[in-house]
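# Observations on the three-dimensional arrangement
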Amino acid sequence: NYVITAVPTNPAAYCNGTATAVMRVVEVQKPDAITGPIEICPGISYTYFGQTTQTGVGFVWSITGGTPASATGNPVMITWNPTGPYAIGLQNSLLNAPFCPSDSIQLKVKPKLINGPLVITGPPACINTTQNYAAGPAQHPEATYNWVVSPSTMGSVVGGQGTPNAQIQWNNTAGSATLILNVSLCSGSQAVSIPVTLNAPVVPVITQTGILCPGVSATLNAGAGFTSYQWAPSGNTQTISINSGGT
C-alpha cells in the first residue's frame, strides 16, 4: 500500500493543514504461456490458446502480421498475412476495477518458406542408363518435390519422386532433354531446371601395330577419348599386347 499526502501551499486557505489517502497497487501476474503453431503458412488461419494460473483475469491479445490486430478472450484465431514479421503478445487483465493489465508475454512465429535459390546437381548421361540427381538446398520437411523429364520421350522418373533425390532412366534416344523440378510449400512453389545432353555410345576403332607371328606379339589400340576400357578376355587400358589371334 502507498500513502499519498497533500500539503496546501497556502494553509490559511484551508480548514485542515494536510490530507492523506491510502492507495493499494495491484500487481497482475503475466500469463504463463501461449500455445499454438510457431511455424505457419502465410495466408492460413491458426488457433492459439493462452495459459494462466491467475484468477479473476481475462486475456488481451495483440497480433503483429495477422488479423485481427487485437482480441480478447480465449482462444484466438489468427489469419497470418502474406508477409511478416509475425508475433503474438498476450496480457492478463483484471475483470473488475481497477482493470489492471499485466506485462505482456511474446510468441515469435516463423513462416514456412522455400529455401533458395534451387539447384539440381547430377552428371551428364548416356542413353539407356539410370542416373541420380539431387536438389538443394535443404527444405522444410513439409515441402513436396515433383520431378519431370521434358520431353517425356527422353526419359522417366523411376525413383525418388516426391523427394530431393531422383533416379532418372534415360531412354534410347540421343539428344537434348530438360530435367525440371518443382518444389511446393504451403501455397508457394518454385521451379528449377537443367539441360541434359544424352550421348549415344561411341564404337571404338581398334588398330593393330605390328604383325602377329609365332613368338612375336602385336599391339592393339582402342583409341583415345574414353573414360575406361575393358578388353575380352582381360585388359583395362587403351592398348594391350596380344600373342595369339582371335576376335
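We now turn to the structure provided with this report.

Rules behind the numbers
- Think of each chain on its own: its residues are numbered from 1, step by step along the sequence as written.
- Totals for whole chains, interfaces and linings use all residues, but because this is a predicted model, local features are given only for residues with pLDDT of at least 70 and pairs of side-chain atoms are given and counted only at 80 or more.
- By convention in this description, side-chain values take in all heavy atoms of the structure and omit both hydrogens and water.
- Helix numbers and strand numbers start at the N terminus; a helix is a DSSP run of H or I with at least 4 residues, a strand a run of E with at least 2.
- Our radius of gyration looks at C-alpha atoms and nothing else; its globule reference is 2.2 Å times the residue count to the power 0.38.
- The buried label applies to any residue whose accessible area, calculated with a 1.4 Å probe on protein chains only, is under 20% of its type's maximum; exposed applies above 50%, and partly exposed to all values in between.
- Should any heavy atoms of two residues lie within 4.5 Å, those residues are counted as being in contact.
- Accessibility throughout is a Shrake-Rupley quantity obtained with a 1.4 Å probe, and a residue counts as covered only by protein chains that appear here.
- Under this rule, positive means Lys or Arg and negative means Asp or Glu; His and the chain ends count for nothing.
- Throughout, a charge is located at the NZ atom of Lys, the CZ atom of Arg, the CG atom of Asp or the CD atom of Glu.
- Strands qualify as paired when DSSP identifies two bridges or more between them.
- The criterion for a disulfide is a pair of cysteine sulfur atoms lying within 2.5 Å.
- Side-chain atoms alone can form a polar contact between residues adjacent in sequence; in general such a contact is a pair of N or O atoms within 3.5 Å, and within protein one must be able to donate a hydrogen while the other accepts it.

### Observations concerning the overall build of the protein
From N to C terminus, the protein includes zero helices and 22 strands. Taking 18 Å as the expected radius of gyration for a compact globule of 247 residues, we find that the protein reaches 38 Å, considerably beyond that expectation. Evaluated residue by residue, the protein yields a buried proportion of 29% over its 247 residues. Considering only intrachain contacts with a sequence separation of at least 6, the fraction spanning at least 24 residues in the protein is 47%. Accessible surface, the protein as shown: approximately 15100 Å² in total, 56% of it carbon and sulfur. Across the protein, the centroid of the 5 positively charged side chains sits 3 Å from that of the 5 negatively charged ones.

### With respect to the pairing of strand β22 (residues 239–242)
Here β22 shows a clear split, with I240 and I242 buried on one side and none of T239 and S241 buried on the other. Pairing of strand β21 (residues 218–221) with β22 involves four bridges; the strand directions are antiparallel. From the neighbouring strand, T219 faces β22, where its bridge partner is S241.

### Topic: the state of the cysteines
Counting across every chain of the model gives one disulfide. A sulfur-sulfur distance of 1.9 Å marks the disulfide that ties C41 to C186. Between C41 and C186, the S-S torsion sits near -70 degrees, and that sign places the bridge as left-handed. Taken together, the residues span a long stretch of sequence, with C41 in the loop between β4 (39–40) and β5 (45–51) and C186 in the loop between β18 (175–185) and β19 (188–199) at a distance of 145 residues. Residue classification places C41 among the buried positions, given a relative accessible area of 12%. A residue is classified by how much of its surface remains accessible, and C186, at 34% relative accessible area, is partly exposed.

### As for the sheet that holds strand β10 (residues 86–94)
Read across the sheet, five strands follow the order β4-β11-β10-β6-β8 without closing on themselves; strand pairing throughout is mixed. Edge positions in the sheet fall to β4 and β8 (70–72), since each has one partner strand and no second. Note: strand β6 (residues 57–64) against β10, eight bridges, orientation antiparallel. Bridging from a neighbouring strand, V57 pairs with L94 of β10.

### So, the environment of A12
Inspection of the secondary structure puts A12 in the loop between β1 (2–6) and β2 (19–23). Separated by 121 residues in sequence, A12 and Y133 have C-alpha atoms that sit 96 Å apart.

### Concerning the side chain of H140
Its location among the elements puts H140 in the loop between β14 (130–136) and β15 (144–150). A polar contact of 3.2 Å, which involves the side chain of H140, links it to the side chain of E39. Those residues in contact with H140 that lie beyond four places of it in its chain are E39, K112 and L185.

The quantities given are spatial measurements derived from coordinates; they are silent on function.
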